[in-house]
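Here's the letter readout for the chains.
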2 protein chains.
Amino acid sequence: MIRLAIAEDHQSLIDGIKLLLEYEDNISIIGTANDGKELLEIVDKKQPNVVLTDIRMPKMDGIQATKQIKKKYPKINILAFTMFEQVEAIEQMIDAGASGYILKNSSLKEVHKAILTVAKGETYFDANINTNVLNSKSKNKTKGILTKRQIEILELIGQGKTSREIADLLFIGIHTVDTHRKNMVRILGLKGKGELMRYALEKKYKF
Amino acid sequence: MIRLAIAEDHQSLIDGIKLLLEYEDNISIIGTANDGKELLEIVDKKQPNVVLTDIRMPKMDGIQATKQIKKKYPKINILAFTMFEQVEAIEQMIDAGASGYILKNSSLKEVHKAILTVAKGETYFDANINTNVLNSKSKNKTKGILTKRQIEILELIGQGKTSREIADLLFIGIHTVDTHRKNMVRILGLKGKGELMRYALEKKYKF
DNA sequence: ATGAATATACCTAGTAATGGGTATTTTTTT
DNA sequence: AAAAAAATACCCATTACTAGGTATATTCAT
């Protein structure tokens, strides 16, 4: 299930997209915004997993918003929504961490397909625009997300240790352990210690 | 580390065993009792993983005590400690769930070895007594411990679900889920939801 | 059909975890 | 040297879990 947030300064366009997408049963539009700041609020509150955002917007543009979102929630996939062939802005979006871009005058089918593609963690580059984005630093690939310390704590969580025990083992405060745990839950897009532990144990079997 | 509880009606014998075993650094004597009822209390309170018990004792004999302990804590391994060649009583002990037996007049080395053996989950039958225990129903092998419902709940715990979520999924009360969880933690000899979850996930990878 | 085992449900008090923050120090990168 | 990232620590209110119980229906085997 895709939880989609949309940011676009022309409300009429948002209404149009909502109309077009609300009959797709695998996409749920969980919030819309008319500028970048609003988008950040929605992301914090509604926890989307995909964001479709305009680049040029009031208060905060899509590039800044993308940077902020990817910094705090690296797992959220962002699709740039652009009216004109603003090659430079598009490249900045990709550098900021967007997973792709699509023209506003694309068909519903194409928009839908683009959303599905980035939702899977893949990239989607609209074929009607010529950019050298493919040669760009495609670094934001959501890998090696966790820090050494976080991995260390994750492993102990995977051993069934409580926060208190981990704190004692690593000679740090329990608050610190809690903070790391919280950060990991957020970064990995999970729902609490239960899933975090599951994640920890699954990783072990994969490496 | 072996947490040993001893039950024996002759206090002088208990003192002797304590003297003999207290210098073994892998065995910790966590409690002693002079009859079967006392033994049950100690097991509840101190959570031993190995019990060395006389067969003939006041108030409750070793056979009854063994049955009760194995019913509540199947993971605890019980070693019968017998003075004479009471073949029939020994066979009853084995049927009750004991992992083996040893004569009281054995050397420290032998007693120590017997304790280490049953602690590993193996059986130990004193070679100086002739019984046909080996042909007896050696059923109490601590396998298939959990009931269907418990396994069902364990799997959901392994998926990172909370008790509340499990209760809703199975259309039962949260109290019931808690009770099942408690029972599993006790039966499997674990230390809480963390280890229970670990257990659940490890089982999955084994079958 | 009677008894044992299982599954169900509730109680209480205490501890742990969660999900919002904020803030400081240390380390790393630019 | 300044900026960014990582690690550290704390607060608060709410929810979840723990560890003791008890108790009552089912279900299953003898």
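Keep in mind that what you see is a predicted model, and the values were worked out from it rather than measured.

1. With respect to the interface of chain B and chain A
Note: interface size is frequently given as the accessible area lost on complex formation between the parts. Of the residues lining the interface, ten residues belong to chain B; the matching set on chain A comes to ten residues. Buried surface at the junction of chain B and chain A, summed over both partners, amounts to about 940 Å²; 66% is from carbon and sulfur atoms. Counting every contact that joins chain B to chain A gives zero salt bridges. Where chain B touches chain A, the interface holds two residue pairs in polar contact (both at pLDDT 80 or more). Grouping the amino acids of the side of chain B that touches chain A by side-chain chemistry returns three nonpolar, four polar and three charged.

2. A look at the sheet that holds strand β3 (residues 50-54) of chain A
All names here are of chain A. With parallel pairing, six strands are arranged side by side in an open sheet as β2-β1-β3-β4-β5-β6. Only two strands of the sheet have a single neighbouring strand rather than two, namely β2 (27-33) and β6 (124-125). Pairing analysis gives four bridges linking strand β1 (residues 2-7) to β3, with the strands arranged parallel. Within β3, the residue paired with Ala5 across the bridge is Val51. Contacts from helix α3 (residues 62-72) reach β3 and β4 (77-82) within the one sheet, and its direction differs from that of β4 by about 175 degrees. Running at roughly 155 degrees to β4, helix α5 (residues 108-119) makes contact with β1, β2, β3, β4, β5 (100-103) and β6 of the sheet.

3. As for the sheet that holds strand β1 (residues 2-7) of chain B
Residue and element names in this part refer to chain B. Taken in spatial order, the six strands of this open sheet run β2-β1-β3-β4-β5-β6, and their pairing is parallel. The sheet is open, and its two borders are formed by β2 (27-33) and β6 (124-125), each paired with just one other strand. The sheet contacts of helix α3 (residues 62-72) involve β3 (50-54) and β4 (77-82), and relative to β4 the element is tilted by about 175 degrees.

4. Observations concerning the protein's contact with DNA strand D
Near DNA strand D there are 17 residues, and of these Thr147(A), Gly173(A), Arg181(B), Lys182(B) and Lys193(B) occur at the shortest range. Here a phosphate oxygen of DNA strand D and a backbone polar atom of Gly173(A) are 2.5 Å apart. Take Arg181(B): an N or O atom from its side chain is 2.3 Å from a phosphate oxygen of DNA strand D. When residues of the surface near DNA strand D are traced back to their parent elements, those giving at least two are α6 (148-158) and α8 (174-187) of chain A together with α8 (174-187) of chain B. Here the surface near DNA strand D takes four residues from α8(A), the largest share from any one element. Per-class residue counts for the surface near DNA strand D are one nonpolar, nine polar and seven charged.

5. Observations concerning α8(A)
Between its terminal C-alpha atoms α8(A) stretches 20 Å, which fits the 20 Å expected from 14 residues at 1.5 Å a residue. Looking at the residues trailing α8(A), positive phi occurs at Gly189(A), about 65 degrees.

6. Description of the protein's contact with DNA strand C
Lining the immediate surroundings of DNA strand C are 19 residues, of which Lys182(A), Lys193(A), Thr147(B), Arg149(B) and Gly173(B) lie closest. In the interface set of DNA strand C, defined as its atoms within 4 Å of the protein, sugar plus phosphate atoms amount to 65%. Arg149(B) places a polar side-chain atom, nitrogen or oxygen, 2.6 Å from a phosphate oxygen of DNA strand C. Take Thr179(B): an N or O atom from its side chain is 3.3 Å from a base nitrogen of DNA strand C. Looking at the surface near DNA strand C, the elements that each hand over two or more residues are α8 and α9 (193-206) of chain A together with α6 (148-158) and α8 of chain B.

7. Observations concerning the packing of aromatic side chains
Residues and elements named next belong to chain B. If you walk through the whole model with that rule in mind, you get one aromatic pair over all chains. With a centroid separation of 5.5 Å and 40 degrees between ring planes, the pair formed by Tyr101 and Phe125 is classed as tilted. One end of the pair, Tyr101, is in strand β5 (residues 100-103); the other, Phe125, is in strand β6, with 24 residues separating them in the sequence. In this structure Phe125 comes out as partly exposed when scored by relative accessible area, which is 26%.

8. Re the relation of the copies chain B and chain A
Relative to chain A, chain B is turned by 179 degrees and slid 0.4 Å along the rotation axis, the superposed coordinates differing by an RMSD of 0.2 Å. Given the turn and translation reported, the copies of this chain are related as if by a two-fold rotation axis.

9. Re the pattern of salt bridges
Once their charged atoms are close, side chains differing in charge can pair, the charge on each being opposite to the other. All names here are of chain A. Evaluated as defined, the whole model comprises 14 salt bridges over all chains. With a closest N to O distance of 3.0 Å, Arg149 and Glu152 form a salt bridge. Taken together, the positions of Arg149 and Glu152, both in helix α6 and three residues apart, correspond to about one turn of that helix. The exposure class assigned to Arg149 is partly exposed, which follows from its relative accessible area of 30%. Residues joined in a network through salt bridges with shared partners are Glu8, Asp54 and Lys104.

What counts and what doesn't
Residue positions are counted from 1 within each chain, in the order its sequence is given. In the order they appear in the text, chains get letters beginning with A and ligands get numbers beginning with 1. Local features in this predicted model are restricted to residues of pLDDT 70 or higher, and side-chain atom pairs are both shown and tallied only at a pLDDT of 80 or more, whereas totals for entire chains, interfaces and linings draw on every residue. Heavy atoms from the whole structure form the basis of all side-chain values; hydrogens and water molecules are not counted. Here, two residues are considered to be in contact whenever any of their heavy atoms come within 4.5 Å of each other. Two parts lose some accessible area (1.4 Å probe) when they are put together, and adding that loss for both gives the buried area. For salt bridges, the criterion is a side-chain nitrogen of Lys or Arg within 4 Å of an Asp or Glu carboxyl oxygen. The term polar contact refers here to a pair of N or O atoms within 3.5 Å; inside protein, the definition further demands a hydrogen-donor-capable atom paired with an acceptor-capable atom, and it admits residues adjacent in sequence only when both atoms are side-chain atoms. Gly is placed with the polar residues, together with every amino acid not listed as nonpolar (Ala, Val, Leu, Ile, Met, Phe, Trp, Tyr, Cys and Pro) or charged (Asp, Glu, Lys and Arg). Strand pairing is assigned whenever DSSP identifies at least 2 bridges connecting the two strands. In DSSP terms, a helix is any run of H or I states spanning at least four residues, a strand is any run of E spanning at least two, and both are numbered starting from the N terminus. Axes here mean lines fitted to C-alpha atoms, for a helix over just the part in contact, with angles spanning 0 to 180 degrees between N-to-C directions. Proximity criterion: a residue is near a molecule or strand once any of its heavy atoms comes within 4 Å of it. A helix is expected to span 1.5 Å multiplied by its residue count minus one. A pair of Phe, Tyr and Trp rings is counted when the ring centres sit within 6.5 Å of each other, with Trp represented by its six-membered ring. The angle between the planes then sorts it: under 30 degrees is stacked, over 60 is edge-to-face, the rest tilted. To sort residues, take the accessible area from a 1.4 Å probe on protein chains only and compare it with the maximum for the residue type: under 20% means buried, over 50% means exposed, and anything in between is partly exposed. Alignment of the copies relies on least squares applied to C-alpha atoms, considering only residues that score at least 70 for pLDDT in both.

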